[in-house]
Amino acid sequence: MEKTKKYNVEGALLTIPLRYDEKSGKYMEVYPDFINNPVYTPEGHQIILTLEDACAFGEQKDTAEPLVDCGSCRFYRQAPNTLIGVCGHEKKQKI
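Being a predicted model, the structure only gives us computed values, none of them experimental.

### Remarks on the pattern of salt bridges
Counting across every chain of the model gives 2 salt bridges. Residue E10 pairs with R77 through a salt bridge whose shortest N-O separation is 2.9 Å. One end of the pair, E10, is in the loop between β1 (4–9) and β2 (12–21); the other, R77, is in strand β6 (residues 76–78), with 67 residues separating them in the sequence.

Written out as structure tokens, the structure reads:
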């Protein structure tokens, strides 16, 4: 049986497969491609990885920090203990 980790991201239930990494000696999460195969919360917000490149709708959380990825965007809501989060920008919401 394949090892997995389950997350509830704002009501969307995700099962993420784990792969054993020989170098670290740990199981690592293998995230799906949330850009080409979008997944949404029940409210229609797109689930995305914090390290994805910032999109055209992105805005900095702090003007002192550059906007380089979703994790540095003020619309991004990080889920605890994972690299997964939710884009809260209304123009990216699936209605």
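Past the structure itself, the notes keep going.
### Details of the sheet that holds strand β5 (residues 46–49)
The antiparallel open sheet is built from 4 strands, whose spatial order is β4-β5-β7-β6. Edge positions in the open sheet fall to β4 (39–40) and β6, since each of these has one partner strand only. Of the strand pairs in this sheet, β4 and β5 are connected by 2 bridges, and their pairing is antiparallel. Each residue of the ladder has a partner; that of Y40, found in β5, is Q46.

Rules used throughout
Residues numbered from 1 in each chain as written. Predicted model: local features only at pLDDT ≥ 70, side-chain atom pairs only at ≥ 80, totals over all residues. Heavy atoms only, no water. Salt bridge = Lys/Arg side-chain N within 4 Å of Asp/Glu carboxyl O. Helix = DSSP H or I, 4+ residues; strand = E, 2+ residues; numbered from the N terminus. Pairing = 2+ DSSP bridges.

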